[in-house]
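# Fold and contact review
So you can see what is in the structure, the chains are spelled out below.
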Amino acid sequence: MDYFEPKTVGDALSLLAKYGEQAKVIAGGTDVMVDIKYKEEPGCLVNIKKIPGLGAIQENGGSLRIGPLVTIHEMETNKLVRERLPVLWEACHQFASLQIRNTATIGGNICRASPSGETLAPLLVLEAKGKLAFAEGEKTEAFASFFQGPGKSSIGSKGLLTEIDVPYPAPGSRGVYLKHAVRGAMDIAMVGVAVLVTPDNAKNNVQDARIGLGAVAPTPIRASKTEALLRGKPLTAALIKQAAAMSASESSPISDQRSSGEYRRWIVEALTRRGLEQSWRAATGKEVA
Amino acid sequence: MSLTINTTINGKSVSASAEASTSLLEFLRDTLEYKGTKLCCNTGECGACTIIYNGKPINSCVTMAADANGAQITTIEGLADGDKLHPVQQAFIDTGAVQCGYCTPGYIISVKALLDRTKKPTAEDIEEAVSGNICRCTGYAKIVDAINLAAAKL
């Protein structure tokens, strides 16, 4: 296996172009090292951790620009992430263990494109975008279209994620990230649900609702029909019940060693309900009528 | 592809070669003979291989040996001062927090890292610090006792 530590994005892209499918990008390594041991060794490992400028968190007007090499623990301990992006912060806080959070990177969690990637449902509801570098040039893509299947994204084998731009949610909005797993620590989510609710000025109706679902479809998804159902309506218990059932029907979970598909659907329903109730209460100071 | 790795382990400069695919755990145990750091799940889930890397606890089994280049590493062998055990090690003995002992080096490293961060850990700090370490023997209560004892003595 060949091994490189490129010092620039351009050098990394040249290596990816040269080695094609044989190349594997590694940053924290918490997933890639396991693949090397138990699946297969790539022809070439491109360690991007020595590229300067990819590890900062910076405020940019109404959003946070996050470097892909920022570790999950750096996210968790960053004041701006905690205060401005609490839904994403919560996912980072619940991520694996401290040891893994000290090593794993946000860029790795995204590019791994696992349906259960902890930060992905929050990034979808926050409508975050990635800056993708290719040999032919750079493009910005919303994560809404980035994920294409388990382990597949529009970054392919030739691109590099160089920045994550996460817009601050609308003033007055509140959200939660709810994870269902057997253990608190170290467990991969059976289901992860991110909810963000913006009430109207009078705090009577839902102005905007966003629901992100993790681990219940080939990619993390938005429950967009459910969101449309909620928009413009007063958030009553009856509406929440209807929305929770719809959210479950928008999921298409598989059965695996962690749980059956049927069970996952029940959990999507329960967490959507809980997420909407909690977010509404936090945003309006009122219980759901 | 063989790499030359220059690193600092428990304050000592070390230089050795490793294959690019080698984990830091294999490098420590098999190349450098630091056998105190344990191989267990080998997938980053159990914490038996925990070391302190540039001040932070990490799982060495899912870290590249190549990343040791230029790093400061502390393993369990670096804690005792000659024959005198580190207060965290002594606390694990005094409270009976060791049974089969296989997870113990990883725990002690996680606790050392915790007490380097904070002198007076809360119950929540303790739970977070060792939630990435699995012990199949003790039921955890005595480990928490050991951490509280070590914190009181340090």
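Report on the accompanying structure. (Residues numbered from 1 in each chain as written. Chains lettered and ligands numbered in written order. Predicted model: local features only at pLDDT ≥ 70, side-chain atom pairs only at ≥ 80, totals over all residues. Heavy atoms only, no water.)

When its volume is computed, the second largest pocket comes out at roughly 660 Å³. Lining of the second largest pocket is provided by 28 residues; of these, Glu 76, His 93 and Arg 101 of chain A together with Glu 124 and Glu 128 of chain B occupy positions nearest its centre. Elements that contribute at least two residues to the lining of the second largest pocket include exactly helix H3 (72–76), helix H5 (86–93) and helix H6 (98–101) of chain A together with strand S4 (56–59), helix H3 (104–117) and helix H4 (123–130) of chain B. Sort the elements by how many residues they give to the lining of the second largest pocket and H4 of chain B lands first, with 4 residues. Class assignment for the residues of the lining of the second largest pocket results in 8 nonpolar, 9 polar and 11 charged. (1 Å grid on protein atoms, 1.4 Å probe; cavity = no way out; pocket = protein on both sides within 12 Å on 5 of 7 lines; lining within 4 Å. Points joined across faces, edges and corners; volume = space filled by probe spheres on them. Helix = DSSP H or I, 4+ residues; strand = E, 2+ residues; numbered from the N terminus. Nonpolar A, V, L, I, M, F, W, Y, C, P; charged D, E, K, R; others polar.)

A few words now on the side chain of Thr 284 of chain A. Residues and elements named next belong to chain A. Topologically, Thr 284 is positioned in helix H12 (residues 261–284). Among the polar contacts listed, one links the side chain of Thr 284 to the backbone oxygen of Trp 280, at a separation of 2.7 Å. Aside from chain neighbours lying at most four places away, what touches Thr 284 is Pro 199 and Lys 203. (Polar contact = N/O pair within 3.5 Å; in protein donor to acceptor, adjacent residues only side chain to side chain. Contact = heavy atoms within 4.5 Å.)

Before going further, it helps to spend a moment on unusual backbone geometry. Leave glycine aside and you will find that most residues have negative phi; peptide bonds, for their part, are mostly trans. The phi angle at Lys 203 of chain A is positive, at roughly 60°, despite the residue not being glycine. In this structure, Lys 203 of chain A sits in the loop between strand S12 (191–199) and strand S13 (206–214).

What follows is about the interface of chain A and chain B. Taken residue by residue, the interface counts 30 residues in chain A and 31 residues in chain B. Among the residues chain A hides against chain B, the three largest losses belong to Tyr 3, Met 33 and Gln 99 of chain A. Together they make up 27% of the total. Linking chain A with chain B are 2 salt bridges. Among the ionic pairs, Asp 67 of chain B bridges to Lys 49 of chain A, the shortest N-O distance being 2.7 Å. Run the count over chain A and chain B and you get 12 residue pairs in polar contact (both at pLDDT 80 or more). The residue inventory of the side of chain A that touches chain B, partitioned by class, reads 13 nonpolar, 9 polar and 8 charged. (Buried area = accessible area lost by both parts, 1.4 Å probe. Salt bridge = Lys/Arg side-chain N within 4 Å of Asp/Glu carboxyl O.)

Time to look at the pairing of strand S10 (residues 160–167) of chain A. When a strand is regular, its side chains alternate between the sheet's two faces. Residue and element names in this part refer to chain A. Burial runs high along S10: 7 of the 8 residues are buried. Across 5 bridges, the pairing between strand S6 (residues 129–134) and S10 is antiparallel. Each residue of the ladder has a partner; that of Lys 129, found in S10, is Asp 165. (Buried < 20%, exposed > 50% of the residue type's maximum accessible area, 1.4 Å probe, protein only. Pairing = 2+ DSSP bridges.)

What follows is about the sheet that holds strand S3 (residues 50–53) of chain B. Two strands in a sheet stick together by hydrogen bonds in their backbones, pointing the same way (parallel) or opposite ways (antiparallel). Residues and elements named next belong to chain B. Pairing within the open sheet is mixed, and its 5 strands lie in the order S2-S1-S5-S3-S4. The sheet terminates laterally at strand S2 (12–19) and S4, the two strands that pair on one side only. Strand after strand, the sheet turns through a mean of 40° between neighbouring axes, direction not considered. Relative to S4, S3 runs antiparallel, the two being bridged by 4 bridges. Paired with Ile 52 across the strands is Pro 57, a residue of S4. Docked against the sheet, H3 engages S3, S4 and strand S5 (72–74), running at close to 35° with respect to S3. (Axes fitted to C-alpha atoms, helices over the stretch in contact; angles between N-to-C directions.)

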